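Below, each chain spelled out in residue letters.
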Amino acid sequence: MDRESYTAFTYPYDDIGTSTVTKQPLVDNSALLKKAMHMLAAQPSAIFIGQNVVYGGNVMYKALEGIPANQRLELPVAEEMQMGMSIGLALQGFLPISI
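From a predicted model like this one, the values you see are computed outputs, not experimental measurements. (Residues numbered from 1 in each chain as written. Predicted model: local features only at pLDDT ≥ 70, side-chain atom pairs only at ≥ 80, totals over all residues. Heavy atoms only, no water.)

Some thoughts on the sheet that holds strand β1 (residues 46-50)
Judged by pairing direction, the sheet is parallel, and its three strands sit side by side in the order β2-β1-β3 without closing on themselves. Single-partner strands in this sheet number two, and they are β2 (72-74) and β3 (95-98). Taking each pair of neighbouring strands and ignoring which way they run, the sheet shows an average axis angle of 25°. In the sheet, β1 pairs with β2 via three bridges, with the strands oriented parallel. When the sheet's bridge partners are listed, Phe48 is paired in β2 with Arg72. Of the strands in this sheet, β1 and β3 are in contact with helix α2 (residues 30-41), which crosses β1 at around 125°. (Pairing = 2+ DSSP bridges. Helix = DSSP H or I, 4+ residues; strand = E, 2+ residues; numbered from the N terminus. Axes fitted to C-alpha atoms, helices over the stretch in contact; angles between N-to-C directions. Contact = heavy atoms within 4.5 Å.)

Brief notes about a nonpolar patch on the surface
Taken together, the side chains of Met83, Ile87 and Leu91 define a hydrophobic patch exposed on the protein surface, amounting to about 340 Å² of accessible area. In this fold, Leu91 is placed in helix α4 (residues 79-91). For Leu91, a relative accessible area of 69% corresponds to the exposed category. (Patch = residues over 30% accessible without salt bridge, like charges linked within 9 Å, V, L, I, M, F, W, Y side chains within 5 Å. Areas by Shrake-Rupley, 256 points an atom, 1.4 Å probe, with all protein chains shown as cover. Salt bridge = Lys/Arg side-chain N within 4 Å of Asp/Glu carboxyl O. Buried < 20%, exposed > 50% of the residue type's maximum accessible area, 1.4 Å probe, protein only.)

Some remarks on the nonpolar core
Within the largest apolar cluster, nine residues are counted, these being Met37, Ala41, Ala46, Phe48, Val53, Ala63, Leu64, Ile67 and Ile97. Looking at this core, the elements that each hand over two or more residues are α2 and β1. Ignoring any residue separated from it by four or fewer positions in sequence, one finds Ile97 in contact with Leu40, Ala46, Ile47, Phe48 and Ile49. (Core = buried A, V, L, I, M, F, W, Y, C linked by side-chain atoms within 4.5 Å.)

Comments concerning the confidence of the model for the protein
Here the protein shows a mean pLDDT of 81. Residues at 70 or above account for 73%. Ignoring residues within four places in sequence, the model shows residues 1-9, a span with pLDDT below 50, making one contact including any to other chains. (pLDDT = per-residue confidence, 0-100.)

A word on α4
With 13 residues, α4 extends 18 Å from end C-alpha to end C-alpha; this agrees with the ideal 18 Å at 1.5 Å per step. Looking at α4, one finds that the buried residues are Gln82, Ser86 and Leu89. The arc that holds the buried residues of α4, viewed along the axis, is 70°, so those residues lie on one side. Among the exposed residues of α4, those oriented more than 90 degrees off its buried face are Glu80, Met83 and Leu91. Among the structural elements, β1 and β3 are those in contact with the buried residues of α4. (Expected span 1.5 Å × (residues − 1). Arc of directions from axis to C-beta.)

Written as structure tokens, this is what we have:
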């Protein structure tokens, strides 16, 4: 492709945060996500498992700020193990939230 083809691409949002497709303002859902995580954490059986739930490093970590450490379980990157643990925890009466 030539250089003009690349510069012809337009991002679907303008510089003030409005969609150029729907003309709707963009919504920051981070506050809603944090509220949802805290609502889930209010249940004593809830446990958040996954990567970067104890140590920062991804987007979800900020949504878990304020959730007690005893409701977080840090795991390595091993999706099959994480799914197996989630199923096992659910069978034991926990509410696993897999991140």
